[in-house]
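Below, each chain spelled out in residue letters.
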Amino acid sequence: MKTSCSWHKAFFKFLKQVTIAFLWQIPWLFIIGGSVFYARLHLNDWLSTYFELALHQQTAQTLQSRLNTLQNNFSVLNWHSVSDYVATLSATAFADAKVSVIHQTLTLLTGFFDMILYLFTIWICWHAFWRACARFRQEKTEQHIAEAVAEKLRPLLVQKESKQN
């Protein structure tokens, strides 16, 4: 019966040490995880602002509305309107192409940075696991040293106590 009780105590002591070692990692994991989540949430907005996607989309829409206006007023006899129409048509095509290229670049960069953040998250979790294992091993080593010292001192204390009596 005594071995069963000591086995339970040893198991719960081991479980407590492992739990403390892993719980010790949670505060900095929450901070890093929250930062990664925030970065992933706003990554597309940051890249869109950096590449000024909204400005280029607005320019393309303005050119498209001007092209529609010129198309309604188009006359073959008025050479000035033909040259304006062709110039606006080419500017609209280039603006639409630029918006498309920027959008594809943003999609590619968002995926790339998202992958980097995923790999960083995996590395952080792996690092936290190894830190927890190292902390557990350190506590276990300290406990074994303390038990060894106690075992060495116990006979001396018993001997000293028997001399005093």
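The structure under discussion appears in the preceding block.
Here is a short report on the structure shown in this document.

The next subject is the overall build of the chain. Looking only at helices and strands, one finds 4 helices and 0 strands in the chain. Starting at the N terminus and walking to the C terminus, you meet the elements of the chain as α-α-α-α. Taken against the 2.2 N^0.38 rule, which gives 15 Å for 165 residues, the C-alpha radius of gyration of the chain at 36 Å runs more than 25% over that of a compact globule. If you line up the chain on its principal axes, its C-alpha atoms span 130 × 30 × 20 Å. Buried positions account for 19% of the 165 residues belonging to the chain.

Core analysis: the biggest nonpolar cluster contains 9 residues, these being Leu43, Leu47, Leu53, Ala60, Leu63, Ala95, Val99, Ile102 and Leu106. Contacts of Leu106, omitting those with residues within four sequence positions, involve Asn44, Leu47, Ser48, Phe51 and Leu53.

With that settled, the discussion passes to the environment of Ser81. The topology assignment puts Ser81 in helix α4 (residues 79-164). The buried category is assigned to Ser81, whose relative accessible area is 9%. A sequence separation of 32 residues divides Ser81 from Thr49, and the C-alpha atoms of the two residues are 36 Å apart. Beyond its immediate chain neighbours, meaning those up to four positions away, Ser81 contacts Asn73, Phe74 and Ser75.

A word on unusual backbone geometry. Within the chain, Glu52 stands out as a residue other than glycine whose phi angle is a positive 55°. Structurally, Glu52 can be placed in the loop between α2 (26-50) and α3 (53-72).

This part is about the pattern of salt bridges. The final tally for this structure, using the stated rule, is 2 salt bridges. Between Asp114 and Arg40 there is a salt bridge, with the nearest N and O atoms lying 2.4 Å from each other. Of the two residues, Asp114 sits in helix α4 while Arg40 sits in helix α2, which places them 74 residues apart along the sequence. A salt bridge links Arg154 to Glu151; the shortest N-O distance between them is 2.6 Å. Separated by 3 residues within a single helix, Arg154 and Glu151 lie in helix α4, roughly one turn from each other.

Take α4 next. Between the first and last C-alpha of α4 there are 123 Å, a value that for 86 residues agrees with the 128 Å anticipated at 1.5 Å per step. Most pronounced at Leu153, the bend in α4 amounts to some 30°, and the proline Pro155 follows within four residues.

Parameters at a glance
Residues numbered from 1 in each chain as written. Predicted model: local features only at pLDDT ≥ 70, side-chain atom pairs only at ≥ 80, totals over all residues. Heavy atoms only, no water. Helix = DSSP H or I, 4+ residues; strand = E, 2+ residues; numbered from the N terminus. Rg over C-alpha atoms; globule rule 2.2 N^0.38 Å. Buried < 20%, exposed > 50% of the residue type's maximum accessible area, 1.4 Å probe, protein only. Core = buried A, V, L, I, M, F, W, Y, C linked by side-chain atoms within 4.5 Å. Contact = heavy atoms within 4.5 Å. Salt bridge = Lys/Arg side-chain N within 4 Å of Asp/Glu carboxyl O. Expected span 1.5 Å × (residues − 1). Bend = angle between axes of the 7 residues up to and from the residue.

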